[in-house]
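# Reading the structure
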Amino acid sequence: RSMVGGDVEQQYLTTADVARELGVGPATVSQWRSLSKAGRRYAARPFPVPDQMIGHMPVWAATRLSEILEWAAGRPGRGVGGGRPRKPESLDVEA
């Protein structure tokens, strides 16, 4: 999307644009932003802060797309964190 501010036209990305670039839904991008607040999962390496809020809609300068893609590439993959511990094999019961 492009928006005019003064004499300069600036290209912005909406949450939907960012989601499309990352191959996820807009709700996922919103969740990542929420989890980036202090004390939450991504607080140590937060999702890039929007450049502006237009009404209630966050937007990022299109020139920051590489920063957003880099953030997403650095996220831990599926299964990181261990999950539920497996029960020891010695407790398995044969029937």
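As shown above, the structure is provided for reference.
Okay, so let's go over this structure. (Residues numbered from 1 in each chain as written. Predicted model: local features only at pLDDT ≥ 70, side-chain atom pairs only at ≥ 80, totals over all residues. Heavy atoms only, no water.)

### Regarding helix H1 (residues 15-22)
Put simply, the rule is: Relative accessible area decides the class of each residue, using a 1.4 Å probe on protein chains only: under 20% of the type maximum gives buried, over 50% gives exposed, and in between gives partly exposed. Secondary structure elements are defined from DSSP: runs of H or I of at least 4 residues count as helices, runs of E of at least 2 residues count as strands, and each element is numbered from the N terminus.
Of the positions making up H1, those classed as buried are Thr15, Asp17, Val18 and Ala19. Two residues or fewer after H1 comes Gly23, characterised by a positive phi angle close to 75°.

### Describing the side chain of Thr15
Within the secondary structure layout, Thr15 lies in helix H1. Taking the relative accessible area as the measure of exposure, Thr15 reaches 12% and is therefore buried.

### Some points on the pattern of salt bridges
Opposite charge on two side chains permits them to pair, given that their charged atoms come into close proximity. Inclusion rule: The term salt bridge refers to a pairing of a side-chain nitrogen on Lys or Arg with a carboxyl oxygen on Asp or Glu at a separation within 4 Å.
Inspection of the entire model under this criterion finds three salt bridges. With a closest N to O distance of 2.6 Å, Arg20 and Asp17 form a salt bridge. With Arg20 and Asp17 both in helix H1 and three residues apart, the pair spans about one turn of that helix. The buried category is assigned to Asp17, whose relative accessible area is 13%. A salt bridge links Glu67 to Arg64; its shortest N-O distance comes to 2.8 Å. Exposure remark for Glu67: the relative accessible area of 36% places this residue in the partly exposed category. One salt-bridge network, in which partners are shared between bridges, spans Asp51, Arg64 and Glu67.

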